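Structural description and commentary
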Protein chains: 2
Amino acid sequence: MSGTCDMRCVLVSKSLDLRGYLGPEFVHAADRIEIVSHPHDGPAMDVRLAVAWHPPDDAFEHYPNLQAVCSIGAGVDNILACPSLRPDVDVIRVVDPAQAQMMSGFVAWHVIGHQRRFATYQAQQREQRWKRLGLDVRRAQDVPVGILGFGEIGRRVATDLASLGFPVMAWSRTAKPAPHGIRAFDGAAGLDAMLGQTEILVNLLPLTPETRGILNRRTFGRMYRGGYLIQVGRGEHLVEADLLAALENGQLSGAALDVFSTEPLAPRHPFWCHPRILVTPHEACEVSVAAIGTTFRATVEAIRAGQRPPLTIDRTRGY
Amino acid sequence: MSGTCDMRCVLVSKSLDLRGYLGPEFVHAADRIEIVSHPHDGPAMDVRLAVAWHPPDDAFEHYPNLQAVCSIGAGVDNILACPSLRPDVDVIRVVDPAQAQMMSGFVAWHVIGHQRRFATYQAQQREQRWKRLGLDVRRAQDVPVGILGFGEIGRRVATDLASLGFPVMAWSRTAKPAPHGIRAFDGAAGLDAMLGQTEILVNLLPLTPETRGILNRRTFGRMYRGGYLIQVGRGEHLVEADLLAALENGQLSGAALDVFSTEPLAPRHPFWCHPRILVTPHEACEVSVAAIGTTFRATVEAIRAGQRPPLTIDRTRGY
């Protein structure tokens with residue numbers, strides 16, 4: 001380690017060139033920290049910190065003194081799934097208010113698109129047909145939205161949809177206080193209660209063993225008939241066959257999917273050309289490099305002070 | 001006039017069956033008022049009030065004691081254009097908070113659609129192509145929106161877009177106070193100043209001799225290159241050839257049009273199959289029959305009390 005540095009940080013990813021992604025500013029702003037890339041030839045004992053995204057299975061075996069792993073996104077499931085991650089290592093997520101705003105706009109577009117039937121207008125234009133929907137034009141107040149996940153992002157999405165006039169409900173695993181105008185639900189019974197009043201379901205949940213496959217036949221079956229799914233969580237939340245069946249039998253009238261269990265979405269996957277599915281390439285929102293830098297610096301300061309980094313997740317619940 | 005009635009109101013429209021449109025509830029709720037339809041066989045002297053939408057040119061000649069004409073929409077240009085409307089007759093528009101909310105959601109869908117390039121995603125899906133926009137994904141804060149018209153509806157649209165994170169400017173003929181976070185412009189110089197900082201232009205103006213043709217080559221030319229037009233005012237605001245030219249030369253990257261100088265939009269009109277124009281059938285927002293009823297009753301009360309109806313427009317400025 002060079003003279004003025006007191007910490008070494010390793011960049012670990014099998015899917016991304018993290019050095020390029022984070023850019024020179026990030027690397028230089030890391031005060032008194034030597035940044036190396038995995039696999040790393042130098043002494044591994046000094047590596048106390050990692051920045052990771054989809055780490056290789058054996059990556060963390062090489063760093064016996066690793067104290068903390070920083071994610072570059074809000075979701076940390078890709079890090080927790082790494083078999084070589086020891087239970088005592090802190091995993092740190094990023095919070096970025098601008099990310100919540102990006103997500104909120106993305107979700108609002110799909111919510112309004114369903115409410116105002118823009119797909120119908122687009123189809124009519126292709127047929128050069130002037131046809132007013134008349135009484136089928138619906139007001140926001142008549143289209144209830146249920147949100148799965150009520151953290152920083154869920155709260156922002158809920159608040160923005162409420163100010164656009166939609167009745168908004170939000171569910172979380174454990175009870176959370178709700179801002180004015182949002183109805184909060186929690187626990188298993190709360191989930192069923194919310195689904196029973198939901199036309200548009202927005203999935204913002206973290207991926208955990210409990211939430212894997214939560215978007216399934218039973219969930220869709222409890223929603224309003226003709227409901228709509230906005231899936232911006234993780235691909236593994238969705239049971240794909242159940243979605244196709246729900247669209248087929250009319251339980252759902254459409255779905256917007258931004259995340260998939262295999263990305264890129266495979267060629268010839270039935271989602272691509274389904275007339276009632278909108279596919280986007282996992283781009284609903286992204287954490288800014290600036291926000292990653294802020295979280296990283298707060299983590300470093302906490303480690304230097306012998307404290308727990310502020311955005312450390314709870315390993316037992318998985319987020 | 002039947003015994004208990006003190007006023008006769010005539011329904012006047014060449015394009016709409018107003019009695020059917022307003023429904024039996026409206027007719028019955030009109031307290032001590034006899035509702036008749038134009039052309040009207042009975043004594044015309046007793047007709048002091050009209051509800052009108054696109055009245056025939058000679059309609060108002062028949063009613064020498066007409067005091068007030070109620071519109072069924074926020075725009076009254078179709079009534080002011082009637083040659084038989086005497087200058088001393090009060091023209092009353094409808095204000096409906098739910099209408100402002102409908103318009104706001106409609107506009108937000110188009111604004112976010114441009115910002116997040118959903119048309120590109122839709123094209124990629126048709127080609128079954130997974131391609132992330134990456135650095136081309138733009139944040140709301142980088143897409144300034146200019147709004148033409150800053151009345152009840154413009155204010156609502158501006159406020160909602162601002163809370164979605166867009167920099168919002170709004171222009172009106174005369175200076176108006178702006179809510180927090182909105183930059184207000186007025187007058188001819190203000191218009192140019194706003195256009196010079198505008199990427200997305202939203203037209204919510206009333207149609208008056210001054211605003212006819214305001215969406216023209218000069219206006220588009222002052223906006224950011226690659227700008228976007230959301231036209232939800234009146235068809236006559238737009239110089240159609242100038243829009244097509246601006247799309248052709250890249251000054252504008254797209255347009256959403258809900259209103260047209262001839263409606264329904266003519267078969268084979270170039271707008272129908274233009275790849276960068278979205279056509280909707282004049283349905284961005286609609287005044288509810290309940291709101292028409294509320295305005296109507298307030299108008300009747302004012303006339304009975306010998307006062308000016310509260311939502312009377314200023315005939316000299318045209319709105």
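Residues numbered from 1 in each chain as written. Chains lettered and ligands numbered in written order. Predicted model: local features only at pLDDT ≥ 70, side-chain atom pairs only at ≥ 80, totals over all residues. Heavy atoms only, no water.

**Details of the sheet that holds strand β5 (residues 90-92) of chain B**
Residue and element names in this part refer to chain B. Worth spelling out the cut-off: At least two DSSP bridges between two strands are needed for those strands to be called paired. Runs of H or I in DSSP of at least four residues are treated as helices and runs of E of at least two as strands, each being numbered from the N terminus. In this analysis an axis means a line fitted to C-alpha atoms, helices contributing only their contacting stretch, and an angle means the value between N-to-C directions, from 0 to 180 degrees.
Read across the sheet, five strands follow the order β2-β1-β3-β4-β5 without closing on themselves; strand pairing throughout is parallel. Pairing within the sheet leaves two strands with one partner each, and these edge strands are β2 (33-37) and β5. Sheet twist, expressed as the mean angle between neighbouring strand axes with direction ignored, is 25°. Of the pairings in the sheet, the one linking strand β1 (residues 7-13) to strand β3 (residues 47-53) comprises six bridges and is parallel in character.

**Some words on the relation of the copies chain A and chain B**
Heads up, the condition is: The fit set for superposing copies consists of C-alpha atoms from residues with pLDDT of at least 70 in both; the fit itself is least squares.
After a rotation of 180° and a shift along the axis of 0.0 Å, chain A superposes on chain B with an RMSD of 0.0 Å. The two molecules are tied by a two-fold rotation axis, judged by turn and shift. Proximity to the rotation axis, assessed at the C-alpha, singles out Trp109(A) in chain A; its C-alpha lies 2.6 Å from the axis.

**Considering the interface of chain A and chain B**
Applicable threshold: Any two residues whose heavy atoms approach within 4.5 Å at even a single point are treated as in contact. Buried area: the accessible area, evaluated with a 1.4 Å probe, that two parts lose upon being put together, summed over both parts. Any Lys or Arg side-chain nitrogen found within 4 Å of a carboxyl oxygen on Asp or Glu counts as a salt bridge. Within 3.5 Å is the distance limit for a polar contact, defined as a pair of N or O atoms, with the added protein rule that one can donate a hydrogen and the other accept it, and that residues adjacent in sequence qualify only through two side-chain atoms. Under the scheme applied, nonpolar residues are Ala, Val, Leu, Ile, Met, Phe, Trp, Tyr, Cys and Pro; charged residues are Asp, Glu, Lys and Arg; polar residues are all the others, including Gly.
Listed as interface residues are 55 residues of chain A and, on the opposing side, 54 residues of chain B. For the pair chain A and chain B, the summed buried surface comes to about 4700 Å²; carbon and sulfur atoms form 57% of the total. Where chain A touches chain B, the interface holds two salt bridges. Close ionic contact of Arg132(B) with Glu286(A) constitutes a salt bridge, the shortest N to O distance being 3.6 Å. At the junction of chain A with chain B, the criterion picks out 28 residue pairs in polar contact (both at pLDDT 80 or more). Put simply, the parts of the chain that give the side of chain A that touches chain B at least two residues each are α3 (97-115), α4 (118-126), α5 (152-163) and β12 (277-279) of chain A. Per element, the largest residue contribution to the side of chain A that touches chain B is 12 residues, and it comes from α3(A). Looking at the side of chain A that touches chain B residue by residue, the classes come out as 25 nonpolar, 18 polar and 12 charged.

**Focus on the state of the cysteines**
Covalent bonding between the sulfur atoms of two cysteines defines a disulfide. Note the following rule: Note that a disulfide, as used here, is simply two cysteine sulfur atoms within 2.5 Å.
Overall, the coordinates contain zero disulfides over all chains when judged by the stated rule. Cys70(A) provides the cysteine sulfur closest to Cys9(A), a residue in no disulfide bond, and the two sulfurs are 6.9 Å apart.

**A short note on the packing of α5(A) against helix α5 (residues 152-163) of chain B**
Just so we agree on the cut-off: When an angle is under 35 degrees it counts as roughly parallel; over 145 it counts as roughly antiparallel; between 65 and 115 it counts as roughly perpendicular; any other value is oblique.
Relative to each other, α5(A) and α5(B) sit at 175°, their axes nearing to 10 Å. Between α5(A) and α5(B), the angle falls in the class roughly antiparallel. In this structure, α5(A) uses Arg156(A), Asp160(A) and Ser163(A) to contact α5(B), whose residues at the interface are Arg156(B), Asp160(B) and Ser163(B).

**Comments concerning the nonpolar core**
The tendency in soluble globular proteins is for nonpolar side chains to be buried side by side. Selection criterion: In this text, buried Ala, Val, Leu, Ile, Met, Phe, Trp, Tyr and Cys residues form a nonpolar core when linked through side-chain atoms within 4.5 Å. Relative accessibility under 20% of the residue-type maximum defines a buried residue, over 50% an exposed one, and the middle range a partly exposed one, all with a 1.4 Å probe and only protein chains included.
Among the nonpolar cores identified, the biggest contains 72 residues, and Ile147(A), Leu161(A), Phe166(A), Ile147(B), Leu161(B) and Phe166(B) are the most heavily contacted of them. Filtering out sequence-adjacent residues up to four positions away, Ile147(B) remains in contact with Gly154(B), Val157(B), Ala158(B), Leu161(B), Val168(B), Met169(B), Ala170(B), Trp171(B), Met194(B), Val202(B) and Leu204(B). Ranked by size, the runner-up nonpolar core spans 28 residues in total, among them Leu229(A), Ala246(A), Phe260(A) and Trp272(A).

**Points about the sheet that holds strand β10 (residues 227-231) of chain A**
Residues and elements named next belong to chain A. Across the sheet, which stays open at both edges, the seven strands sit in the order β8-β7-β6-β9-β10-β11-β12 with parallel pairing between neighbours. Each having just a single partner strand, β8 (182-186) and β12 make up the two edges of the open sheet. In this sheet, neighbouring strand axes are inclined to one another by 15° on average, regardless of whether the strands run parallel or antiparallel. Relative to strand β11 (residues 252-257), β10 runs parallel, the two sharing five bridges. Of the residues in β11, the one forming a bridge with Gly227 is Leu252. The strands touched by α5 within the sheet are β6 (145-148), β7 (168-172) and β8, with β6 carrying the most contacts at an inclination of about 170°.

**A word on unusual backbone geometry**
Both trends apply: most residues other than glycine have a negative phi, and most peptide bonds are in trans. Following His38(A), the chain continues to Pro39(A) via a peptide bond in cis, the omega torsion being -5°. Tracing the chain through its elements places Pro39(A) in the loop between β2 (33-37) and β3 (47-53). The omega torsion across Glu263(B) and Pro264(B) is -5°, close enough to zero to call that bond cis. You can see Pro264(B) is positioned in the loop between β11 (252-257) and β12 (277-279).

**Some points on α3(A)**
Residues and elements named next belong to chain A. The test is simple: Helix span is expected to be 1.5 Å times the residue number reduced by one.
Its 19 residues place the ends of α3 27 Å apart at the C-alpha level, agreeing with the 27 Å of an ideal helix rising 1.5 Å per residue. Burial analysis of α3 places 17 of its 19 residues in the buried class, which makes it a mostly covered element. Near the N-terminus of α3, the side chain that reaches the backbone nitrogen of Ala98, with its oxygen 3.0 Å away, is that of Asp96. Trailing α3 by a residue or two, Arg117 shows a phi angle of about 55°, which is positive.

**So, the pairing of β2(A)**
Residue and element names in this part refer to chain A. Counted only if it meets this: We call a crossover right-handed when, viewed with the strands running away from us, the connection from the first strand over the helix to the second turns clockwise.
Relative to β2, strand β1 (residues 7-13) is paired through five bridges, and the arrangement is parallel. Looking at β2, one finds that Val10 is bridged to Val36. Chirality of the crossover, the property in question, places the unit of β1, helix α1 (residues 18-29) and β2 among those that are right-handed.

**Observations regarding the domain arrangement of chain A**
Where interface size is given, it is often the accessible area lost as the parts come together that is meant. Residues and elements named next belong to chain A. Using the following cut-off: Boundary definitions for the domains trace back to an automatic or database domain assignment.
Assigned domains within chain A: domain 1 (7-96 + 287-304) and domain 2 (97-279). Between domain 1 and domain 2, the contact holds eight residues from the first and eight residues from the second. Taking both sides of the interface into account, the surface hidden between domain 1 and domain 2 amounts to around 660 Å²; carbon and sulfur atoms contribute 43%. The largest per-residue losses of area from domain 1 upon contact with domain 2 belong to Asp77, Val95 and Asp96, which jointly make up 67% of the total buried on that side. Across the domain 1-domain 2 interface, the total number found is two salt bridges. Scanning the region where domain 1 abuts domain 2 turns up four residue pairs in polar contact (both at pLDDT 80 or more). Across the side of domain 1 that touches domain 2, the residue classes break down as four nonpolar, one polar and three charged.

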